[in-house]
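# Structural overview for review
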Amino acid sequence: MKHLEFVKLNKDNFEKVLTIKHLAFPESNSDDDYVKYFANEVKANYYLIEFNGDPCATIGWYDFDGQKRNAFVGWFAVLPEYQNKKIGTRALNYIVDEVKSLGYQYLRVYTDKVVNYISTKLYDKIFDIKENYTYPDEIGKTNNFIVYTKFLTDKQERWNNKPLNEDDNYDLD
């Protein structure tokens, strides 16, 4: 198996991660999550993934609720020329192991099931359940989004269509 290395996001590899992100998500013009990461405004971990020394992917996770309950996958992308090499599977399993070792109860990811159809095939294999997201916000109104959940403990709580916007004022319990 080829060598895969997970390098924590830092100022030296920041531009490489942004390049991958921009190639994978050309519709996104926001780099706010990365800026917040460097300003220590969010508890998150982002990685540049290198395949035999070459940048090939990025993945990260963030603490959604500040209670070490819900970690969400963020900016997960594998460049096209590196797809179908099990890099995505290894990256997700790396994040599963990391958040589980930190005591989180759930790892979740939300995605557009139309735009990211290929990703949903991988999520279907790794995550335990998926739920349609129809909360009446900008994301939910599209009827294209799915929330996947991986149970990391014996608790098996669904997302149950809670808002995905961390700025909304709501109770997660």
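Remember, it's a predicted structure, so these values are computed and weren't measured experimentally.

Take the overall build of the protein chain next. Each helix and strand counted, the protein chain has 4 helices and 7 strands in total. Moving toward the C terminus, one meets the helices and strands of the protein chain in the order β-α-α-β-β-β-α-β-α-β-β. When the 173 residues of the protein chain are sorted by exposure, 48% land in the buried category. Taking all contacts inside the protein chain whose residues are at least 6 apart in sequence as the whole, residues at least 24 apart take part in 63%.

On to helix α4 (residues 117-126), then. Listing the buried residues of α4 in full gives Thr 120, Leu 122, Tyr 123 and Ile 126. Angular distribution of buried residues about the axis of α4 spans 165 degrees; they occupy a single face of the element. Looking at α4, the residues exposed on the side facing more than 90 degrees away from the buried face are Ile 118 and Lys 125. For α4, the secondary structure elements touched by its buried residues are β4 (70-78), α3 (87-101), β5 (106-112) and β7 (145-151).

In this section: the packing of aromatic side chains. Scanning all chains against the criterion turns up 17 aromatic pairs. Between Tyr 47 and Tyr 94 the ring centres are 5.4 Å apart and the planes differ by 85 degrees, which places this aromatic pair in the edge-to-face class. Of the two residues, Tyr 47 is situated in strand β2 (residues 44-51) and Tyr 94 in helix α3; the sequence distance between them amounts to 47 residues. Judged by its relative accessible area of 3%, Tyr 47 is buried.

So, about the pattern of salt bridges. Counted by the stated rule, this structure contains 5 salt bridges. With its nearest N and O atoms 3.9 Å apart, the salt bridge here joins Asp 128 to Lys 150. Taken as a pair, Asp 128 in the loop between α4 and β6 (129-132) and Lys 150 in strand β7 lie far apart in primary sequence, 22 residues in all. Between Glu 138 and Lys 141 there is a salt bridge, with its nearest N and O atoms 3.5 Å apart. Exposure remark for Glu 138: the relative accessible area of 62% places this residue in the exposed category. Taking the relative accessible area as the measure of exposure, Lys 141 reaches 56% and is therefore exposed.

The next thing to look at is the packing of α3 against α4. The geometry of α3 relative to α4 is characterised by a closest axis approach of 11 Å and an angle of 45 degrees between their N-to-C directions. Between α3 and α4, the angle is such that the two are oblique. Handedness of the α3/α4 crossing: right-handed. Packed against α3, whose contacting residues are Gly 88, Thr 89, Leu 92, Asn 93 and Val 96, the element α4 presents Leu 122, Tyr 123 and Ile 126 at the interface.

In terms of burial, β7 is largely enclosed, as 6 of its 7 residues are buried. Summarising the sheet, β5 and β7 pair through 7 bridges and their orientation is antiparallel. Residue Leu 107 lies in a different strand from β7, and its bridge partner there is Lys 150.

Definitions and cut-offs
- Residues numbered from 1 in each chain as written.
- Predicted model: local features only at pLDDT ≥ 70, side-chain atom pairs only at ≥ 80, totals over all residues.
- Heavy atoms only, no water.
- Helix = DSSP H or I, 4+ residues; strand = E, 2+ residues; numbered from the N terminus.
- Buried < 20%, exposed > 50% of the residue type's maximum accessible area, 1.4 Å probe, protein only.
- Contact = heavy atoms within 4.5 Å.
- Arc of directions from axis to C-beta.
- Phe/Tyr/Trp six-rings, centres within 6.5 Å; stacked < 30°, edge-to-face > 60°.
- Salt bridge = Lys/Arg side-chain N within 4 Å of Asp/Glu carboxyl O.
- Axes fitted to C-alpha atoms, helices over the stretch in contact; angles between N-to-C directions.
- Parallel < 35°, antiparallel > 145°, perpendicular 65-115°, else oblique.
- Left-handed = near helix turned anticlockwise from the far one by under 90°.
- Pairing = 2+ DSSP bridges.

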